[in-house]
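# Structure assessment
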Amino acid sequence: FLDPFAPSDTFVNLNVLWLKAIAGNSRDRHMSDGGLSFDMLPPFSRNVVRWPLCTLFPPLLHQNIALRNKFLDSASQEQINLHSAQGKRVIVVHLGSGFDTRSFRLRNATSHIEIDLPSVCEQKQRLLQHRLLPRRPHLASSLPTVLPTDLNDVDASLAALQETLSSLRSAPLASSLPPPGALNPASDQHAPPSSTPQEKPSNLAQQEETGAPPSLHILLVSEAVLLYLKEGKAEDLILSCARLAAHNHASFSFCFSDRIPVARVGGAAEDEAAQVLLAQAGLELEAWFKRQSLTRHLGVAVARQRPAA
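## Some details on the pattern of salt bridges
By the definition in use, this model includes 16 salt bridges. Note that Arg102 is salt-bridged to Asp73, the shortest N-O span being 2.6 Å. One end of the pair, Arg102, is in helix 5 (residues 102-105); the other, Asp73, is in helix 4 (residues 59-84), with 29 residues separating them in the sequence. Judged by its relative accessible area of 3%, Arg102 is buried. Accessibility expressed as a relative area gives 15% for Asp73, which makes it buried. One salt-bridge network, held together by shared partners, links Lys20, Arg68, Asp73, Asp100, Arg102, Arg105 and Glu223.

Take a look at the structure:
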């Protein structure tokens with residue numbers, strides 16, 4: 001009742017936001033998110049988790065989320081850098097983004113699209129407008145495109161995504177780089193981002209000048225969302241997104257810290273099942289890690305062929 005902008009129904013998103021804020025304030029550069037999660041919290045909560053009080057929270061509470069966050073940030077940034085350097089528009093699609101701030105942290109992508117339940121999207125917009133942007137007004141020009149839809153309704157989600165992709169492809173090229181210091185306001189003395197902004201590749205600039213349509217890369221990012229979908233929906237969603245990329249003549253990659261839906265858990269059978277499932281979407285694993293967690297699978301998969309019909 002002390003916070004008029006508090007989310008009314010969190011779907012564990014608020015808990016995760018708190019844990020990311022605690023990890024981000026630990027002054028461990030491997031866990032820092034530039035203080036963005038911290039800035040999404042109300043003033044009283046920020047006092048509770050700021051340095052050095054954040055060190056009073058047991059590391060076990062937040063390290064698991066911080067590690068998956070770090071992996072996804074690094075893997076996604078690597079994919080963005082690789083394809084933007086090839087002169088492609090890179091559109092990042094964040095599945096079930098919750099209250100995460102990854103779209104503000106990743107550099108050199110052309111656009112970011114966040115998909116989540118309508119109620120979650122509304123709550124996040126309220127937090128952005130009343131919490132984050134008053135502290136970082138320069139980020140107002142970097143807001144992602146939001147698609148409020150239930151990912152269990154794969155057809156509706158893909159229809160909304162296709163409509164958004166069509167409008168973004170016809171839009172002028174623009175760099176999504178935050179202004180210098182965007183993630184490190186002096187007033188909060190947060191740790192600096194782990195990577196520095198890069199200039200727009202010269203071939204992108206040339207395409208912008210000539211008006212030639214650039215090629216497109218779609219990067220799908222999933223953090224702890226597939227495991228909450230109804231049976232059969234996660235497989236359908238991955239395959240449908242791969243088909244959408246092929247339909248748009250785009251290259252495609254998938255970075256995840258989630259649970260790939262496989263029937264068997266443990267040993268080589270689990271690895272093979274994941275490879276077979278992803279292969280149906282034309283994807284080949286470039287990185288694959290397993291751990292004892294709800295988000296059991298961390299990896300990067302890249303499209304090598306067209307997805308199954």
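## As for the packing of aromatic side chains
Centre distance and the angle of the planes are the two values used to describe a pair of aromatic rings. Evaluation of the coordinates by the stated rule reveals 3 aromatic pairs. Each ring, one from Phe254 and one from Phe256, has its centre 4.9 Å from the other, and the planes form 40°; the classification is tilted. Judged by its relative accessible area of 0%, Phe256 is buried.

## Considerations on the sheet that holds strand 2 (residues 111-116)
The strand order across the open sheet formed by 7 strands is 3-2-1-4-5-7-6, and the pairing between neighbours is mixed. Looking along the sheet, the strands with just one partner apiece sit at the ends: strand 3 (145-148) and strand 6 (283-290). The average angle at which neighbouring strand axes cross in this sheet is 15°, direction not considered. Here strand 1 (residues 89-95) runs beside strand 2; their pairing, made up of 5 bridges, is parallel. Bridge pairing in strand 2 places Leu95 opposite Ile115. This element, helix 9 (residues 233-247), spans strand 1, strand 4 (216-223), strand 5 (251-258) and strand 6 of the sheet and lies at about 155° to strand 5.

Reading the values: the criteria
Chains are numbered independently. Their residues run from 1 in the order of the written sequence. Thresholds applied to this predicted model are a pLDDT of at least 70 for local features of residues and 80 or more for the giving and counting of side-chain atom pairs; totals over whole chains, interfaces and linings are not thresholded and use all residues. Hydrogens and water molecules were not included; the side-chain quantities draw on all heavy atoms of the structure. By convention in these notes, a salt bridge is any Lys or Arg side-chain nitrogen within 4 Å of a carboxyl oxygen on Asp or Glu. Secondary structure elements are defined from DSSP: runs of H or I of at least 4 residues count as helices, runs of E of at least 2 residues count as strands, and each element is numbered from the N terminus. Whether a residue is buried, partly exposed or exposed follows from its accessible area with a 1.4 Å probe, protein chains only, as a fraction of its type maximum: under 20%, in between, or over 50%, in that order. Any two rings among Phe, Tyr and Trp, with Trp reduced to its six-membered ring, count as a pair given centres within 6.5 Å; such a pair is stacked if its planes are under 30 degrees apart, edge-to-face if over 60, and tilted if neither. DSSP-based pairing: two strands are paired if at least 2 bridges between them are found. Axis lines are fitted through C-alpha atoms, for helices just across the contact stretch, and the angle between N-to-C directions can take any value from 0 to 180 degrees. A contact between two residues is defined here by any heavy atoms of the two lying within 4.5 Å.

That's the geometry; what it means functionally is another story.
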